[in-house]
Amino acid sequence: MVPQRVMTQTRPNPDTNPTHERARPVRDMPLILVLNGPNLNMLGVREPEIYGRHTLEDIRALCESAGARLGFSIDFRQSNHEGELVEWIQQARGAVAGLVINAAAYTHTSVALHDALKLLNVPILEVHLSNPKTREPFRHISYIEPLAAAVFAGQGPKGYACLLYTSPSPRDGLLSRMPSSA
Ligand code: DQA
């Protein structure tokens, strides 16, 4: 797990640093972990009439560009395994400023993810490409929602970015307005 505040460095400037040995840290950025659950690695080919044609890599790029613009560092991950997602959430404790999660099918089944998320004292933001509440009844329950500071559903990939784009900077943004924000 990457530490909460990530030091970014400039490329060594041959004019000011002829040895190229010391890069100068310019800023540190709060880290947002973006977790994706099972089958989201198949976006683009998986039920495009529901999830669209964008791939998970497209969504990663969207999050990274939103993060770069807003001053967040983004750690974007996907797993088909519930235990791996649980471990990533455990490792995020004390290491991230916020968590965006599309738990996919585990949204509707996983008490283990629910319990792991309770370990975090930073905003948890739930996202879905489709709107599960308007689909089959078994998708109407979310084990994430009771812990989520915000839920974006049914807006496709832009729902991920909306959670970051709500306002122009981390200082003024959604994440820092949450009562539990780190
Ligand atoms: C989903 C909705 C879930 O019900 C489903 O199991 C998914 C994707 C969404 O993003 O719309 O895998 O989380």
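Keep in mind that what you see is a predicted model, and the values were worked out from it rather than measured.

What counts and how
Residues numbered from 1 in each chain as written. Predicted model: local features only at pLDDT ≥ 70, side-chain atom pairs only at ≥ 80, totals over all residues. Heavy atoms only, no water. Phe/Tyr/Trp six-rings, centres within 6.5 Å; stacked < 30°, edge-to-face > 60°. Lys NZ or Arg CZ within 6 Å of the ring centre and 35° of its normal. Buried < 20%, exposed > 50% of the residue type's maximum accessible area, 1.4 Å probe, protein only. Helix = DSSP H or I, 4+ residues; strand = E, 2+ residues; numbered from the N terminus. Arc of directions from axis to C-beta. Contact = heavy atoms within 4.5 Å. Polar contact = N/O pair within 3.5 Å; in protein donor to acceptor, adjacent residues only side chain to side chain.

Draft legend 1. Quick look at the packing of aromatic side chains. What the rule picks out here adds up to zero aromatic pairs. The ring of tryptophan 88 carries the charged tip of arginine 77 above its face, separated from the ring centre by 5.0 Å.

Draft legend 2. Quick look at helix α3 (residues 82-92). Within the sequence span of α3, burial applies to Leu85, Val86, Trp88, Ile89 and Ala92. What you see down the axis of α3 is that its buried residues fit within an arc of 165°, all on one side. Looking one or two residues beyond α3, the residue adopting positive phi is glycine 94, at roughly 75°.

Draft legend 3. Spotlight on the environment of arginine 139. When you line up the elements, arginine 139 lands in the loop between β5 (124-128) and β6 (150-153). On a C-alpha basis, the gap between arginine 139 and histidine 108 in space is 5.9 Å, while along the polypeptide they are 31 residues apart. Leaving out residues up to four positions away in the same chain, arginine 139 has contacts with Tyr51, His108 and Pro132. Of the polar contacts made by the side chain of arginine 139, one reaches the side chain of glutamate 136; its length is 2.7 Å.

Draft legend 4. Geometry of the side chain of threonine 107. Here threonine 107 is to be found in the loop between β4 (98-102) and α4 (111-117). The buried category is assigned to threonine 107, whose relative accessible area is 1%.

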